[in-house]
Amino acid sequence: MSETEPLQFRDPAQAEQLADRLETLMADIDEPVSLMHVCGSHEQAIAKFGLRSMLPDGLSVRMGPGCPVCVTNMPEVDEAVAIAEQGATVATYGDMFRVPGTKKSLADARADGASVEVVYSASEAVELAAANPEEEIVFFATGFETTAAPTAAILDADPPANFSVLSAHKYVPPAMEVVAEMPDVDIDGFLAAGHAATITGYGLFEPFVETYELPIVVGGFEPIDVLLAIERLLEYVRDGEAGLENAYPRCVSKAGNEQALETMWDVFETVPGEWRGIAEIPGANLVLRDPYAEYDARRRFDVEPVDDGPDPLTEQCICGDIMAGKADPDECDLFGEECTPSNPVGACMVSSEGTCKIWDEYGGHPNL
């Protein structure tokens, strides 16, 4: 390939070659294989391009806890609603706007008169605070390392005094450990998210590979990226090896973005936290360190927990099992009936990275 010839990540012929290679590898393995990715963007690519229709019999690729909006716990949504109802303006990403809390979503709170704004970045929330110095602006911050790093950079840059952060940021590696330890989830390898690894580096996964003796391949988000990463995982499974590989070298390095990591860990520390529908996970929630306490919305506002139980319909939602790789969306009795994108019961149907929302849009297991 010449230096000027563009890389082709949606080449049908190359995709067919990779599909044939997967068929050969599965014949060599000669038993079912279950792989898991932990990223909504991977699920979008798999569903949108019909990649499951290209997988050989016996090969399953499931989505794990890779949707940060979906794992945001109800009490965290309740905190944001309560702060908005106290008169502050809550700014958050669009995916969070309709995520149900125990009784209300932020969309419900705005319908009742609270001030809730949709922003596309942490910096936009800071701009909102600077433009409205007489108002309290609270950024309801969600996402994994990819968005936690920009939030940290904003806090490290001395934001306005009327700005604070309600952190619901999550840290993925501990959740992968919990899934790997679940007795009823038999995973043979993990496809790790390329954009998060752009921040953290792929070397982060070395201890996991050594401890759990499972292969991890970091992959990109184009169809060829995904198929290539699956091929490499199957090669590890065939050879009985627990290796670590970066299949996204155009963006990911072993060390990651060291400056962004330094800032992120200067601002945040990890604490145990409940991931919606899954479990309490040690070291998986990111909260502000004491030097940044003045910007911590949990310390600035008095927020009482909602003591009423959730709506009975919510208790029928199996979003947690779906995010743990135990079930597919179409195994939920609510999917496509009581639970739809226009009337979501669980968080997996709200976010563009939620498995249920993606399956509703693209048809789950399309036969192409």
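The model shown is predicted, which means the values in this text are computed figures rather than measured ones. (Residues numbered from 1 in each chain as written. Predicted model: local features only at pLDDT ≥ 70, side-chain atom pairs only at ≥ 80, totals over all residues. Heavy atoms only, no water.)

Q: I tried to follow the overall build of the protein chain on my own but got confused; where do I start?
A: Tallying secondary structure elements over the protein chain gives 16 helices and eleven strands in all. On C-alpha atoms alone, the protein chain measures out to a radius of gyration of 21 Å, which is about the 21 Å that the 2.2 N^0.38 rule sets for 368 residues. Principal-axis analysis of the C-alpha atoms places the extent of the protein chain at approximately 65 × 45 × 40 Å. Taking all 368 residues of the protein chain together, the buried fraction comes to 55%. The long-range share in the protein chain, meaning contacts at least 24 apart out of those at least 6 apart in sequence, stands at 77%. Positive and negative side-chain charges in the protein chain, numbering 21 and 67 respectively, have mean positions lying 2 Å apart. (Helix = DSSP H or I, 4+ residues; strand = E, 2+ residues; numbered from the N terminus. Rg over C-alpha atoms; globule rule 2.2 N^0.38 Å. Buried < 20%, exposed > 50% of the residue type's maximum accessible area, 1.4 Å probe, protein only. Contact = heavy atoms within 4.5 Å. Lys, Arg positive; Asp, Glu negative; His and termini not counted. Charge placed at Lys NZ, Arg CZ, Asp CG, Glu CD.)

Q: Sorry if this is basic, but what is going on with the sheet that holds strand E9 (residues 244-246) here?
A: Strands belonging to one sheet form pairs held by backbone hydrogen bonds; the direction of such a pair is parallel or antiparallel. Strand order in this open sheet of five strands is E2-E1-E7-E8-E9, and the pairing throughout is parallel. Here the strands that pair on one side only, and so sit at the sheet edges, are strand E2 (59-63) and E9. This sheet shows a mean twist of 20° between the axes of neighbouring strands, independent of strand direction. In the sheet, strand E1 (residues 33-37) pairs with E2 via five bridges, with the strands oriented parallel. Looking at E2, one finds that Ser-34 is bridged to Ser-60. (Pairing = 2+ DSSP bridges. Axes fitted to C-alpha atoms, helices over the stretch in contact; angles between N-to-C directions.)

Q: Could you clarify how one ought to interpret the pairing of E1 in this entry?
A: As a general feature of sheets, a regular strand has side chains that alternate between the two faces. Judged by how many residues are buried, E1 sits mostly within the fold: five of five residues are covered. Side chains Val-33, Leu-35 and His-37 of E1 all project onto a buried face; the interleaved residues Ser-34 and Met-36 project onto the opposite face, where all are buried too. You can see the chain leave E1, run along helix H2 (residues 40-48) and come back into E2, and the turn it takes is right-handed. Pairing analysis gives three bridges linking E1 to strand E7 (residues 189-193), with the strands arranged parallel. The residue of E7 that forms the bridge with Leu-35 is Gly-189. (Right-handed = clockwise from strand over helix to strand, strands pointing away.)

Q: What is the right way to read the state of the cysteines from this model?
A: Tallied over the full model, the rule gives two disulfides. The disulfide partner of Cys-67 is Cys-70, and the S-S distance across this bridge is 2.3 Å. Residues Cys-67 and Cys-70 are joined through a disulfide that is right-handed, its torsion about the S-S bond being 70°. The burial state of Cys-67 is the same as that of Cys-70; both residues are buried. Sequence-ordered numbering of the bonded cysteines in the protein chain gives a disulfide pattern of 1-2, 3-4. With no disulfide of its own, Cys-251 lies 13 Å from the sulfur of Cys-39, the closest cysteine sulfur. Cys-339 takes part in no disulfide bond, and the closest cysteine sulfur to it belongs to Cys-317, at a distance of 6.1 Å. (Disulfide = S-S within 2.5 Å.)

Q: Help me out: how do you make sense of the pattern of salt bridges in this one?
A: Pairs may arise between side chains of opposite charge once their charged atoms sit close together. Within the structure shown, the criterion is met by 18 salt bridges. Across the pair Glu-85 and Lys-104 runs a salt bridge, and its minimum N-O distance is 2.7 Å. A residue pair is termed long-range when its members are at least 10 positions apart, and Glu-85 in helix H4 (residues 74-85) and Lys-104 in the loop between strand E3 (89-92) and helix H5 (106-111) qualify at 19 residues. For Lys-104, a relative accessible area of 27% corresponds to the partly exposed category. Notably, a salt bridge pairs Asp-225 with Arg-250, separated by 2.6 Å at the nearest N-O pair. Of this pair, Asp-225 sits in helix H11 (residues 223-239) while Arg-250 is found in the loop between E9 and helix H12 (258-267), placing the two residues 25 residues apart along the sequence. Each of the salt bridges in this network shares a partner with another, and the network as a whole consists of Arg-21, Glu-231, Arg-232, Glu-235 and Glu-245. (Salt bridge = Lys/Arg side-chain N within 4 Å of Asp/Glu carboxyl O.)

Q: Explanation requested: the packing of aromatic side chains in the structure shown.
A: Think of a pair of aromatic rings as described by two things: how far the centres are apart, and how the planes are tilted against each other in angle. Inspection of every chain in the model, using the stated rule, returns six aromatic pairs. With centroids separated by 5.2 Å and ring planes inclined at 90°, the aromatic side chains of Tyr-171 and Trp-265 adopt a geometry described as edge-to-face. Of this pair, Tyr-171 sits in the loop between strand E6 (163-169) and helix H8 (172-181) while Trp-265 sits in helix H12; the two residues are 94 residues apart in sequence, bridging distant segments of the chain. Judged by its relative accessible area of 28%, Trp-265 falls in the partly exposed class. (Phe/Tyr/Trp six-rings, centres within 6.5 Å; stacked < 30°, edge-to-face > 60°.)

Q: Please clarify how the packing of helix H1 (residues 12-29) against H11 should be interpreted in this entry.
A: How two helices pack is summed up by the angle between their axes together with the distance between the axes. For the pair H1 and H11, interaxial distance at closest approach is 10 Å and the crossing angle is 20°. In terms of their interaxial angle, H1 and H11 are classed as roughly parallel. The two elements H1 and H11 cross, and the hand of that crossing is left-handed. Residues Gln-14, Ala-15, Leu-18, Arg-21, Leu-22, Leu-25, Met-26, Asp-28 and Ile-29 of H1 touch H11, and the partners they reach there are Ile-224, Leu-227, Leu-228, Ile-230, Glu-231, Leu-234, Glu-235, Val-237 and Arg-238. Here the contact of H1 with H11 is built from residues that sort into twelve nonpolar, one polar and five charged. (Parallel < 35°, antiparallel > 145°, perpendicular 65-115°, else oblique. Left-handed = near helix turned anticlockwise from the far one by under 90°. Nonpolar A, V, L, I, M, F, W, Y, C, P; charged D, E, K, R; others polar.)

Q: In this structure, what is going on with the packing of helix H6 (residues 122-131) against helix H7 (residues 145-156)? I would like to understand it.
A: Put simply, H6 and H7 touch, their axes get as near as 9 Å, and they point 35° apart. Contacts from Ala-122, Ser-123 and Val-126 of H6 reach H7 at Pro-150, Thr-151 and Ile-154.

Q: I tried to follow empty space enclosed by the protein on my own but got confused; where do I start?
A: Per the stated rule, a full pass over the model turns up two cavities of 30 Å³ or more. If you add up the space inside the largest cavity, you get close to 60 Å³. Lining the largest cavity, in full, are Cys-317, Ile-318, Cys-319, Ile-322, Cys-332, Leu-334, Phe-335, Cys-339, Gly-346, Cys-348, Met-349 and Cys-356. The residue inventory of the lining of the largest cavity, partitioned by class, reads eleven nonpolar, one polar and no charged. Estimated volume of the second largest cavity: approximately 40 Å³. (1 Å grid on protein atoms, 1.4 Å probe; cavity = no way out; pocket = protein on both sides within 12 Å on 5 of 7 lines; lining within 4 Å. Points joined across faces, edges and corners; volume = space filled by probe spheres on them.)

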